[in-house]
Amino acid sequence: MEEIVIYTDGGCHGNPGPGGWGIVVIADGVAKQLSGGEKLTTNNRMELMAAITALTVVHNTASFEGRPVIVNIDSQYVKNGITTWIKSWKAKGWKTADKKPVKNQDLWVQLDELNAGLNVTWNWVKGHAGVEYNEICDQLCQAEIAKFE
């Protein structure tokens, strides 16, 4: 089965501030671009929204069912959160190691549900390093932020 390749990025001007996210979903020879944003948000929330939206596209596309998914993401926060930290957060009732509530729990719950229903490999890529589709995601993100400034 041909894999689905995803690139995501999210960001803010100010933190919090106006934010945006961008994704590219590559499958069957087509690279679909999507983006969105919010007037007042955080960088981490936008990174999470990018990942959630990308996996939602996969989840909601019948022809993608059962296919492996590679998510290329420049956020260590999201990659480490979904692959490692979330297990202990859930075991501790959504508390961090220092017993504080996990930030962005609402988005983590959504991402966890999507991730659990798909065959996802999470791959960290260095941001602003000339990776073609990551750069496109950044451009989409910046265009969304500009709408709110």
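Everything that follows concerns the structure shown earlier in this document.
Residues numbered from 1 in each chain as written. Predicted model: local features only at pLDDT ≥ 70, side-chain atom pairs only at ≥ 80, totals over all residues. Heavy atoms only, no water.

**Some details on the pattern of salt bridges**
Stage number 1. Throughout the structure, instances matching the rule amount to five salt bridges.
Stage number 2. Taking the shortest distance from any N to any O, the salt bridge between Arg67 and Asp28 comes out at 2.9 Å. Linking Arg67 in the loop between helix H1 (43–59) and strand S4 (69–73) with Asp28 in the loop between strand S2 (17–27) and strand S3 (30–41), this pair joins segments that are 39 residues apart in sequence.
Stage number 3. Residue classification places Arg67 among the buried residues on the basis of a relative accessible area of 9%.
Stage number 4. By relative accessible area, Asp28 is classed as partly exposed at 45%.
Stage number 5. Between Asp98 and Lys100 there is a salt bridge, and its shortest N-O distance comes to 3.9 Å. (Salt bridge = Lys/Arg side-chain N within 4 Å of Asp/Glu carboxyl O. Helix = DSSP H or I, 4+ residues; strand = E, 2+ residues; numbered from the N terminus. Buried < 20%, exposed > 50% of the residue type's maximum accessible area, 1.4 Å probe, protein only.)

**Brief notes about the sheet that holds strand S5 (residues 120–124)**
Stage number 1. Reading across the sheet, the five strands line up as S3-S2-S1-S4-S5 and stay open at both edges, with mixed pairing between neighbours. What marks the edges here is a single partner per strand, and that holds for S3 and S5. Strand-to-strand twist of the sheet, defined as the mean angle between neighbouring strand axes without regard to direction, takes the value 20 degrees.
Stage number 2. Two elements, S2 and S3, share ten bridges in a ladder whose sense is antiparallel. For Gly20, the partnering residue across the bridge sits in S3 and is Gly37. (Pairing = 2+ DSSP bridges. Axes fitted to C-alpha atoms, helices over the stretch in contact; angles between N-to-C directions.)

**Some details on the nonpolar core**
Stage number 1. Within the largest apolar cluster, 33 residues are counted, with the highest numbers of intra-cluster contacts made by Ile6, Leu55, Trp108, Leu111 and Trp122.
Stage number 2. Residue assignment for this core shows that the elements contributing at least two residues are strand S1 (4–12), S2, H1, S4, helix H2 (76–91), helix H3 (105–116) and S5.
Stage number 3. At nine residues, H1 tops the list of elements feeding residues into this core.
Stage number 4. Apart from residues no more than four positions distant in its own chain, Trp108 is found in contact with Leu48, Tyr77, Val78, Gly81, Ile82, Ile86, Trp89, Trp94, Val102 and Lys103.
Stage number 5. Listed in part, the seven residues of the second largest apolar core include Tyr7, Val24, Ile26 and Ile136. (Core = buried A, V, L, I, M, F, W, Y, C linked by side-chain atoms within 4.5 Å. Contact = heavy atoms within 4.5 Å.)

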